[in-house]
Amino acid sequence: MSTDVSGMIECRPGARLWGPDDEDSVWEPAIDLFLLNRGNAYDGLACLFGVRNTFGFRPLAEGRGFPDDASDGLRSEFTADGGPHDVHGTTWLTCDELNSVDWQETDASGTRSRASAAGADTDWGRVWNVMHILSEVHEAENVRLVVWFH
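Residues numbered from 1 in each chain as written. Predicted model: local features only at pLDDT ≥ 70, side-chain atom pairs only at ≥ 80, totals over all residues. Heavy atoms only, no water.

**Here we look at unusual backbone geometry**
Then, in step 1: Unlike most non-glycine residues, Arg52 shows phi in positive territory, near 55 degrees.
Then, in step 2: Its location among the elements puts Arg52 in the loop between helix 2 (42–49) and helix 3 (72–80).
Then, in step 3: Taking the relative accessible area as the measure of exposure, Arg52 reaches 36% and is therefore partly exposed. (Helix = DSSP H or I, 4+ residues; strand = E, 2+ residues; numbered from the N terminus. Buried < 20%, exposed > 50% of the residue type's maximum accessible area, 1.4 Å probe, protein only.)

Now the structure itself:
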């Protein structure tokens, strides 16, 4: 049985303008992962989110759950996929965290690097590019990718 990933990039434009604690600093949907991702390569899912991690990667963002402060658009997509009853592994990763990743870190065997599994030259590269462009406008801590699996 295969595992598919769904999700969305969100940004928080108000945080840049009024600060992260302002009542208008809410998360807004930016782009659905479906529009950027062409596959579900398991090594990428393993090194990023700990899903199907037979590779032994130390996941970057495993099992954080659905963000309490998610945008209405993200909540709608999550609900449409069945929500917590029909999906698993829900988690998120900020662009700020992405900027500090050691892409040369390897899996347990020492043969696959993060870069080869989910770096800029993989299908995940488009996702990272969009997140980086949004972070140029809204700052890296105000851009995140939220994902879940089915």
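**With respect to the environment of Leu45**
Then, in step 1: Considering the arrangement of structural elements, one finds Leu45 in helix 2.
Then, in step 2: On a C-alpha basis, the gap between Leu45 and Val26 in space is 28 Å, while along the polypeptide they are 19 residues apart.
Then, in step 3: Other than its neighbours up to four places away in sequence, Leu45 contacts Thr3, Val5, Asn40, Gly50, Val51, Trp124 and Phe149. (Contact = heavy atoms within 4.5 Å.)

**Let's talk about the sheet that holds strand 4 (residues 143–149)**
Then, in step 1: Within the open sheet, the 4 strands sit side by side as 2-1-4-3. Their pairing is antiparallel. Edge positions in the sheet fall to strand 2 (28–32) and strand 3 (88–94), since each has one partner strand and no second. Each neighbouring strand pair of the sheet contributes to a mean axis angle of 25 degrees, computed without reference to strand direction.
Then, in step 2: The pairing of strand 1 (residues 5–11) with strand 4 spans 7 bridges and is antiparallel. Within strand 4, the position partnered with Ser6 by the bridge is Trp148.
Then, in step 3: The strands touched by helix 2 are strand 1, strand 3 and strand 4; relative to strand 4, the strand with the most contacts, the crossing angle is about 120 degrees.
Then, in step 4: Taken strand by strand, helix 6 (residues 124–138) contacts strand 1, strand 2, strand 3 and strand 4, and its axis lies near 145 degrees from that of strand 4. (Pairing = 2+ DSSP bridges. Axes fitted to C-alpha atoms, helices over the stretch in contact; angles between N-to-C directions.)

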